[in-house]
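Topology and contacts: notes
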Amino acid sequence: MAQMNDAPQSVVELVTDHFLNVFYFDLGRYLIAAGVMTLVLWLFSRWLELRRIQQRRAKPDDYRREVLSSLRTVFVFGVTTLSTLAMRQAGLVSFSIDTFTWTALALQTVAIIVAHDAYFYWMHRAIHHKRLFRTWHLHHHKSRTPTPWAAYSFSSWEAVAEAAFVPLYLLVATTLGVEYIGFAMFLFLWHMIIRNVIGHCGTEIYPRGWVDNPLTGWWNTVTHHDLHHSAGTCNFGLYFTWWDRWMDTEHPRYRETFREVTGRRREPEAAAVPAE
Ligand SMILES: [Zn+2]
Ligand SMILES: [Zn+2]
């Protein structure tokens, strides 16, 4: 969220003073998160190859489509952030940049992540409705074998629906009398892009046993969202398994698939043939 002076600014000033900053912030977040994940997959490919969830591989055209439409999404996010700043000027939402306690920061960060998980689940189910799917969400599902670059690969309509969460959340928080902490938003946005990129990386990076441990089983794995892309009719949740379990939309073979992917073992190297 770009910092701004308290003096009211016109729409033109908001655009000229803040749009490029906001655009580069979102773009930087996407490029860093997807770039680092791609580098990790490449550096550790010898070990991670066994953890690839699908046999199918993304093609160069898939990468091109994912990156180009993600740039469009960053543009939409920039426009939405400017709208949020304009709403702040109009007194509809309030957030502070520099004063906070660590307890309030932790509570607000957790609260917005949990709220976003619920928003995403229901928005995602809505855009899977047959009346909306083709226009709103088909574009994201063109990535049948997603890559880290698919994190923002949305149609323009879906980008608006995704971006609308932040101003809506701030509007509700302000109505409830909560002064939102700008740094909590910063942490939320980094958590969002990191989890999003991990969910699309196509390679299971969580350790064996994750889905069977009650302490971790509620935290979505890569397999969870990858199954959404390959099957398309289940696993609508973003960060946590709660909503899919409550609404009975979890893939019936989710845990089994995770166990299979994380239980693979490298074939032992062929023993050297002793010299005659
Ligand atoms: Zn979907
Ligand atoms: Zn996806």
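Being a predicted model, the structure only gives us computed values, none of them experimental.

This brings us to the coordination of the zinc ion (ligand 2). Distances from the zinc ion (ligand 2) to its protein donors, H140 (NE2), H200 (NE2), H225 (NE2) and H229 (NE2), fall at 2.0 to 2.1 Å. Between the four donor atoms coordinating the zinc ion (ligand 2), the angles at the centre fall across 93 to 156°, so the site counts as irregular. When the donors of the zinc ion (ligand 2) are listed by position in the chain, the intervening gaps give H-x59-H-x24-H-x3-H. Taken as a pair, H225 and H229 lie in helix α9 (residues 222-231) at a separation of four residues, close to a single helical turn.

Considering only enclosed or pocket space, the largest pocket measures out at about 450 Å³ in volume. Only α1 (11-43), α3 (60-89), α4 (102-127), α5 (133-141), α6 (156-163), α7 (165-175) and α8 (182-199) provide two or more residues apiece to the lining of the largest pocket. The class makeup of the residues in the lining of the largest pocket is 18 nonpolar, 10 polar and four charged. Taken as a whole, the second largest pocket spans an internal volume of roughly 360 Å³. Along the wall of the second largest pocket there are 17 residues; nearest its centre are L41, R52, R57, Y63 and T203. Counting only elements with at least two residues in the lining of the second largest pocket, the list comes to α1 and α2 (45-48). Residues belonging to the lining of the second largest pocket are distributed by class as follows: eight nonpolar, six polar and three charged.

Attention now moves to the packing of α4 against α7. Following both chains from N to C, one finds α4 and α7 inclined at 125°, their axes separated by 11 Å at the closest point. Taken together, α4 and α7 sit at an angle that is classed as oblique. When you trace α4 past α7, the crossing you get is right-handed. Here α4 contributes A111, I112, A115, H116 and Y119 to the contact with α7, which in turn contributes F165, L168 and Y169.

To continue, consider unusual backbone geometry. A positive phi angle, near 55°, is found at N235, a position not held by glycine. Topologically, N235 is positioned in the loop between α9 and α10 (242-246). In this structure, D248 takes a positive phi of about 60° despite not being glycine. Assignment of secondary structure puts D248 in the loop between α10 and α11 (254-262). The exposed category is assigned to D248, whose relative accessible area is 71%.

Around the zinc ion (ligand 1), the protein supplies H124 (NE2), H128 (NE2), H137 (NE2), H141 (NE2) and H228 (NE2) as donor atoms, at distances of 2.0 to 2.2 Å. Here the donor residues for the zinc ion (ligand 1) map to a single chain with the spacing H-x3-H-x8-H-x3-H-x86-H. On the criterion of sequence distance, the pair formed by H128 in the loop between α4 and α5 and H228 in helix α9 is long-range, its members being 100 residues apart. With respect to class, H128 is no different from H228; both count as buried.

Analysis parameters
Residues numbered from 1 in each chain as written. Chains lettered and ligands numbered in written order. Predicted model: local features only at pLDDT ≥ 70, side-chain atom pairs only at ≥ 80, totals over all residues. Heavy atoms only, no water. Donors = N, O, S within 2.8 Å, 3.2 Å for Na, K, Ca; no water. Tetrahedral: all angles 85-135°; square planar, octahedral: opposite > 155°, others 65-115°. Helix = DSSP H or I, 4+ residues; strand = E, 2+ residues; numbered from the N terminus. 1 Å grid on protein atoms, 1.4 Å probe; cavity = no way out; pocket = protein on both sides within 12 Å on 5 of 7 lines; lining within 4 Å. Points joined across faces, edges and corners; volume = space filled by probe spheres on them. Nonpolar A, V, L, I, M, F, W, Y, C, P; charged D, E, K, R; others polar. Axes fitted to C-alpha atoms, helices over the stretch in contact; angles between N-to-C directions. Parallel < 35°, antiparallel > 145°, perpendicular 65-115°, else oblique. Left-handed = near helix turned anticlockwise from the far one by under 90°. Contact = heavy atoms within 4.5 Å. Buried < 20%, exposed > 50% of the residue type's maximum accessible area, 1.4 Å probe, protein only.

Remember that the coordinates give geometry; whether it matters functionally is a separate question.
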